[in-house]
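# An overview of the molecular structure
Read off the chains here:
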Amino acid sequence: MKQIEAVKMPSWMASAVHFQTSDFLSNTYPKFDEEIEVRVRAPENAPLKQLILRTIPNGEQQFTTMQKSTVIDGYTLWICRLRLREAVNPYYFILDSESGIWYLDAFGVHQDLPLNSQAFKLLTDQEEIPWLPGSVFYQIFPDRFANGDSSNDPIDETDGVTGSFRSTYSWGQGVASSREHIAFYGGDLKGIQDHLDHLQELGVNGIYLNPVFSAWTNHRYDVRDYFSVDSTLGGDEALISLVQNLKARDMRYVLDIVPNHCGVGHPWFLKARLDPDSEEAGFFYFDEKRENYVSWMGFRALPKLNFRSQELRERIFGQEGVFSYWLKPPFDADGWRVDVGNMLGRQDADQFSDLVIRGIRQTVKATKPEAYLFAENFYEAASQLQGDQWDGVMNYMGFSAPLMAWLKAPSAGAIGWKGQLHSNAPWQTGSLVKSWMQHLAAIPWSIALQQYNLLSGHDTPRVRTILEGDETLVRLAYMVLFTFPGVPSIFYGDEIGLVDQENFGSRVCMPWDKATWHQDFFSFLKQLVNLRKRNDTLAHGAFQILYWEDDLLIYQRELAGDHVLLTLNRSDAAIDAKNIFTSEAGIRTAYFREFLGERSAQVQNGILYLPELPRGGSIWLAADGSYTSDIIES
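For the rest of this paragraph, the subject is the overall build of the protein. Regarding its fold elements, the protein presents 15 helices and 34 strands. For 634 residues, the compact-globule estimate of 2.2 N^0.38 gives 26 Å, and the C-alpha radius of gyration of the protein, at 26 Å, lies within 12% of that figure. The principal-axis extent of the C-alpha atoms belonging to the protein is close to 80 × 60 × 55 Å. Buried residues in the protein amount to 57% of all 634 residues.

On to the sheet that holds strand 32 (residues 600-604), then. Strand order across the open sheet formed by 8 strands is 27-28-29-34-31-32-33-30, with antiparallel pairing between neighbours. Among the strands making up the open sheet, the edge pair consists of strand 27 (542-548) and strand 30 (578-581). Strand-to-strand twist across the sheet, computed as the mean angle between neighbouring axes with direction ignored, equals 25 degrees. Seen against the sheet, helix 12 (residues 471-481) touches strand 28 (552-559), strand 29 (562-569) and strand 34 (616-622) and runs at an angle of roughly 35 degrees to strand 34.

The subject of this paragraph is the environment of Tyr 92. As for its position among the elements, Tyr 92 is in strand 6 (residues 88-97). Sequence separation between Tyr 92 and Asn 116 is 24 residues; the distance between their C-alpha atoms is 9.3 Å.

Turning next to the pairing of strand 7 (residues 100-105). Across 5 bridges, the pairing between strand 6 and strand 7 is antiparallel. What sits directly across from Leu 95, in strand 7, is Trp 102. Once strand 6 ends, the chain turns through 2 residues before running back antiparallel as strand 7. Here strand 7 runs beside strand 8 (residues 108-110); their pairing, made up of 3 bridges, is antiparallel. Following the sheet pairing, Leu 104 is matched in strand 8 by Val 109.

Take the packing of aromatic side chains next. Evaluation of the coordinates by the stated rule reveals 48 aromatic pairs. Arranged with centres 5.2 Å apart and planes meeting at 45 degrees, the rings of Tyr 185 and Phe 504 form a pair that is tilted. Of the two residues, Tyr 185 is situated in the loop between strand 13 (181-184) and helix 1 (189-194) and Phe 504 in the loop between strand 26 (487-491) and helix 13 (519-534); the sequence distance between them amounts to 319 residues. The class of Tyr 185 is buried, set by a relative accessible area of 2%. Joined through ring pairs, the aromatic side chains of Tyr 138, Phe 145, Phe 491, Tyr 492, Trp 512, Trp 517 and Phe 522 make up one cluster. Lying over the aromatic face of Phe 286, Arg 290 brings its terminal NZ or CZ to 4.0 Å of the ring centre.

Next up on the list: helix 9 (residues 429-441). When the terminal C-alpha atoms of helix 9 are compared, their 18 Å separation across 13 residues agrees well with the 18 Å that a helix rising 1.5 Å per residue should span. Of the surrounding elements, those touching the buried residues of helix 9 are strand 9 (120-123), helix 8 (396-407), helix 10 (445-448), helix 12, strand 27 and strand 28.

Moving on, we come to the sheet that holds strand 11 (residues 157-158). Each strand in a sheet pairs with another by means of backbone hydrogen bonds, the pair being arranged parallel or else antiparallel. Spatially, the 3 strands line up as an open sheet ordered 11-12-13, and their pairing is mixed. Whereas interior strands pair on both sides, the edge strands pair on one side only; in this sheet they are strand 11 and strand 13.

Attention now goes to the side chain of Lys 365. In this structure, Lys 365 sits in helix 7 (residues 353-367). In terms of polar contacts, Lys 365 uses its side chain to reach the backbone carbonyl oxygen of Ala 371, at 2.6 Å. Among all residues touching Lys 365, those that are not within four sequence positions of it are Ile 129, Ala 371 and Asp 391.

Time to look at the side chain of Asp 153. Examined against the element boundaries, Asp 153 turns out to sit in the loop between strand 10 (137-140) and strand 11. No salt bridge is formed by the buried Asp 153, whose closest oppositely charged neighbour, Arg 220, lies at an N-O distance of 8.6 Å. A distance of 3.0 Å separates a polar atom in the side chain of Asp 153 from a polar atom in the side chain of Asn 147. Leave out the neighbours within four places in its chain, and Asp 153 touches Asn 147, Thr 168 and Gly 186.

What follows covers the packing of helix 12 against helix 13. Close contact between helix 12 and helix 13 brings their axes to 11 Å; oriented N to C, the two are set at 15 degrees. As summarised for this structure, helix 12 and helix 13 are arranged roughly parallel, according to the angle between their axes. Judged by the twist between their axes, the crossing of helix 12 over helix 13 is right-handed. Along the contact surface, helix 12 presents Glu 471, Val 474, Arg 475, Tyr 478 and Met 479, while helix 13 presents Asp 520, Phe 521, Phe 524, Leu 525 and Leu 528.

In this structure the tally under the stated criterion is 39 salt bridges. The salt bridge partner of Asp 96 is Lys 49, with a shortest N-O separation of 3.8 Å. One end of the pair, Asp 96, is in strand 6; the other, Lys 49, is in strand 2 (residues 48-55), and 47 residues separate them in sequence. Linking Asp 256 and Arg 337 is a salt bridge whose minimum nitrogen-to-oxygen distance equals 3.1 Å. Remark: Arg 337 occurs in strand 18 (residues 335-338) and Asp 256 occurs in strand 17 (residues 252-257); sequence separation between them is 81 residues.

All right, on to the packing of helix 8 against helix 9 then. The contact between helix 8 and helix 9 brings their axes to 9 Å, and the two run at 175 degrees. When the interaxial angle is binned, helix 8 and helix 9 end up roughly antiparallel. On the side of helix 8, the interface is formed by Met 397, Gly 398, Phe 399, Pro 402, Leu 403 and Trp 406, while helix 9 contributes Thr 429, Leu 432, Ser 435, Trp 436 and His 439. Residue composition of the contact of helix 8 with helix 9, grouped by class: 7 nonpolar, 4 polar and no charged.

On to the environment of Phe 323. In this structure, Phe 323 sits in helix 6 (residues 322-325). By relative accessible area, Phe 323 is classed as buried at 0%. Placed 111 residues apart in sequence, Phe 323 and Lys 434 show a C-alpha to C-alpha distance of 37 Å. For Phe 323, the residues in contact, after removing those within four places along its chain, are Ile 257, Pro 259, Ile 316, Phe 317, Trp 336, Val 338, Ile 360 and Val 364.

Here Pro 329 and Pro 330 are connected by a cis peptide whose omega angle stands at 10 degrees. Turning to its location among the elements, Pro 330 is positioned in the loop between helix 6 and strand 18. Here Asn 58, not a glycine, exhibits a phi torsion of approximately 55 degrees, which is positive. If you trace the backbone, Asn 58 turns up in the loop between strand 2 and strand 3 (62-65). A positive phi angle, near 50 degrees, is found at Asp 73, a position not held by glycine. In this fold, Asp 73 is placed in the loop between strand 4 (67-72) and strand 5 (75-83).

What counts, and where the lines are drawn
- Residues numbered from 1 in each chain as written.
- Predicted model: local features only at pLDDT ≥ 70, side-chain atom pairs only at ≥ 80, totals over all residues.
- Heavy atoms only, no water.
- Helix = DSSP H or I, 4+ residues; strand = E, 2+ residues; numbered from the N terminus.
- Rg over C-alpha atoms; globule rule 2.2 N^0.38 Å.
- Buried < 20%, exposed > 50% of the residue type's maximum accessible area, 1.4 Å probe, protein only.
- Pairing = 2+ DSSP bridges.
- Axes fitted to C-alpha atoms, helices over the stretch in contact; angles between N-to-C directions.
- Contact = heavy atoms within 4.5 Å.
- Phe/Tyr/Trp six-rings, centres within 6.5 Å; stacked < 30°, edge-to-face > 60°.
- Lys NZ or Arg CZ within 6 Å of the ring centre and 35° of its normal.
- Expected span 1.5 Å × (residues − 1).
- Polar contact = N/O pair within 3.5 Å; in protein donor to acceptor, adjacent residues only side chain to side chain.
- Lys, Arg positive; Asp, Glu negative; His and termini not counted.
- Salt bridge = Lys/Arg side-chain N within 4 Å of Asp/Glu carboxyl O.
- Parallel < 35°, antiparallel > 145°, perpendicular 65-115°, else oblique.
- Left-handed = near helix turned anticlockwise from the far one by under 90°.
- Nonpolar A, V, L, I, M, F, W, Y, C, P; charged D, E, K, R; others polar.

Dropping the structure here:
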């Protein structure tokens, strides 16, 4: 099949832009039936005959002619009014020019008719989570972080339900673990509390805790009681104490829950197996003979929950259910991470995911409107990110997977598949750009700013492992993490240079001997955390790709006249000094200084003069930014 080539557009047209930030919308969080001003920026001399806002209220196309307004530094703002009368309001722009009719949507400028999935989407009556934009999260797998109270360590115990054995081993001792032999290392909530000074020194202000509910395993996704903290972590009192200490330090925390399945030792499941007439029997999927049941990915220790049951819905996300319980004092959680959110409420003919997720959201927001609700989803999640379900997801597909595929030849697999799928080369830069832009275009911008961005986690190899210890590329990846739209997070131990280990994978024991730490990298991350928390442009600003070639990518974040530039060189050699046109970035004249470096760059007459770019990444801050001078000097 012949490759379809992109239509060449006039050069000026790339400078016609609209972003869903306060620069282009008079209110980025409008109310239903509110009228707002919408703006497009285009070159002053652009040969536009007219510029039209296209909306589709109640399913019927509507055109609104935009008018020329302010001219600033060679750019004209085109404006019009838009009344918002739906929960989700899609729109795009039509550029009627001498070269024909073109369309501007969230994916960019093109000549083909826009897809609804790529339209700009503006939500009504969606409240911003006020504490989230300034947050940097730190994920902790409790059993491997720190042992603060050895008296609660499990020692040589056998489970009466599964027959599996568990015991606690010396910190960091590699032990072959299996479903029959479960290795604990004694990490608990007291251990986390004892090391909050470390988190504050790093600068993080949010914690995501892997499951803490009563269970048998060290990961605790086999929950046995949704309403109690596991005794091996210190019980309810240990969580209450940790919460009090977090609040005293102005730190937030979110809990991890798995409503998709529970443990085979959960009382609900035990009762369901014994009594087919019980209410709990309807909580699971049994065959006709009640000999077999549906479990998560065939793992029989994790029976799948059946949300056809109204009673189960009440217990999980009713007004007095699990989701509400932990958001209230004394636990006062600031949100939820939901495990396997892509599978929740889905089993063959039963497809209740929309109903279940919306029910969870309604309860969470009614209990605590400022709570952060995000989910695990390794795949394309746009349908669950339209403002009525998750606030965000763990952004593998829309952020980290494309980035890693650009830096390292990617591999892929699936649970239960014994084959191998491995590329012999990293992605081309254009594929990274397209992937990022497609995923950003598919969801409302306000949701994009709430995505939970990560490079490492408890279910994936650590970034330093993936990149085979390449320090330059690891630092490049973290520069992208802290400047990409969304909420950045650090997996415990990444800040001191941890890599995967045999018998542990990414869930290694945190070493507390500072002599073993990668101190330079810790200092590097501290500075990135500080920059991200203080920089409003990185929290709210527009995202725009400015330039790319084989091994080089340049993008910017822009807000209120401030610009932050990223230059990313993945090649083995330096890239010669370059002159890049910045007209589409809205920059005619500017002066930039390198964050964490001593170099400078300048824009004159719409051309960015970049010095030679060594291998790796660089962040460039506008020298006249109000937040910039003290950070650069420090």
